[in-house]
Amino acid sequence: MRDKIFKKNTDLVDFVFDKQVADVFDDMVNRSVPGYQTLIEMMGLIVKTYGKDNSNYYDLGSSTGAISMALGLNNVHKNNKIIAVDNAIEMVNKCKANLSKKLSNFDVICSDINKINFENASIVVLNLTMQFIEVEKRQQLVENIFNGLVVGGVLIVSEKIHFDSKEKQKQITSLHTDFKRANGYSELEISQKRQSIENVLITDNIEKHIERLNNAGFASSICHFQCLNFASFLAVK
Ligand SMILES: C[S@@+](CC[C@H](N)C(=O)[O-])C[C@H]1O[C@@H](n2cnc3c(N)ncnc32)[C@H](O)[C@@H]1O
């Protein structure tokens, strides 16, 4: 369904992942996040390389299940369970409905990801989710994930990022706005979405992401993807 949430002038409230967002989420994310499809496609490579037999794959902040689906459809390993977690019930329902069309080895859990006890994981993915977690809880979350990963397992964190240089921030934000215009969003939609999300989506810079992963103890942490103000990090335990 086409995203028209901010098409008309509305009384702006903080952005929430409610039913109206869940209904249009796939369209919204594809038209708003440069490189989103590449991030999803990368899961196919990552699951082949880093997945292990008899282990769990976690998709945290799973929304409608695109990451879980990519992990499941490209999996070449034996005896794996995909555990998708989201705290928005409308997303959980959509995720269950989507995954059950093509996969059987999954659980979809409605929970705060900060409360999950990660176990026997070879792959954990936070695709565009860390940015919605309270800043002061992010290090602990990464440490919880690290503790639940097997040696050689990976955490993938994909995020909107910011730049400390005002000039670079302005330049990249301008290109991102062009990207949204090119995908059919009007000036009103772009401006209203920005205002609605600015207190809810809190970005880090690339250095902070790498520092957090290193602090948690990952043996190797790299930025493996960047498109404008979106980046993805691959950390190996
Ligand atoms: C931008 S979406 C993620 C997109 C999805 N991973 C994908 O690749 O299509 C962010 C999701 O994180 C969920 N979320 C935000 N905070 C959460 C939390 N503390 N625990 C669980 N889910 C959370 C939201 O409900 C939303 O569905």
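In this text, all values refer to a predicted model and were calculated from it rather than measured experimentally. Position labels on residues start from 1 in each chain and follow its written sequence. Local features in this predicted model are restricted to residues whose pLDDT is 70 or higher, and side-chain atom pairs enter the listing and the counts only when it is 80 or higher, whereas totals over whole chains, interfaces and linings include all residues.

Draft legend 1. Focus on the packing of helix 3 (residues 66-74) against helix 4 (residues 89-102). Interhelical geometry of helix 3 versus helix 4 gives an angle of 15° and a closest axis separation of 10 Å. Considering their axes alone, helix 3 and helix 4 lie roughly parallel with respect to each other. Every pair of crossing elements has a handedness; the one defined by helix 3 and helix 4 is right-handed. Residues S68, M69 and L73 of helix 3 form the contact with helix 4, whose own contacting residues are N98, L99 and K102. Orientation is described by axes fitted as lines to C-alpha atoms, over the contacting stretch for helices, and by angles from 0 to 180 degrees between their N-to-C directions. Runs of E in the DSSP output that reach at least two residues are strands. Runs of H or I that reach at least four are helices, and both are numbered from the N terminus. Here the word oblique covers every angle except those under 35 degrees (roughly parallel), over 145 (roughly antiparallel) and from 65 to 115 (roughly perpendicular). Crossings are assigned a handedness: left-handed for a near helix turned anticlockwise from the far helix by less than a right angle, right-handed for a clockwise turn. Contact criterion: two residues are in contact if their C-beta atoms, reconstructed from the backbone, are within 7 Å.

Draft legend 2. Up close: the site of the ligand. The rule is simple: place the C-beta atom from the backbone, and if it lies within 6 Å of a molecule or strand, the residue is near it. Near the ligand, the surroundings consist of 20 residues, among which F17, G61, N87, A88 and N127 are the closest. Of all the secondary structure elements, the ones that give two or more residues to the shell around the ligand are helix 3 and strand 2 (81-86). Here the term charged refers only to Asp, Glu, Lys and Arg, the term nonpolar to Ala, Val, Leu, Ile, Met, Phe, Trp, Tyr, Cys and Pro, and the term polar to all other amino acids, Gly among them. Looking at side-chain class alone, the shell around the ligand contains eleven nonpolar, seven polar and two charged residues.

Draft legend 3. Focus on helix 5 (residues 138-148). Buried residues of helix 5: R138, L141, V142, I145 and F146, and no others. Projected down its long axis, helix 5 shows its buried positions confined to an angular sector of 140°, all on one face. Considering only its buried residues, helix 5 is in contact with strand 4 (121-127), strand 5 (149-160) and helix 8 (206-216). Any residue with 12 or fewer other C-beta atoms within 10 Å of its own C-beta is exposed, any with 20 or more is buried, and the rest are partly exposed; the C-beta atoms used are placed from the backbone. Here the arc refers to the directions that run from the helix axis out to each C-beta atom.

Draft legend 4. Quick peek at the environment of V157. When you line up the elements, V157 lands in strand 5. Judged by the 27 C-beta atoms lying within 10 Å of it, V157 is buried. Separated by 56 residues in sequence, V157 and L213 have C-alpha atoms that sit 9.6 Å apart. If we ignore the near neighbours within four places in the chain, the residues touching V157 are L126, M130, H209, S232 and F233.

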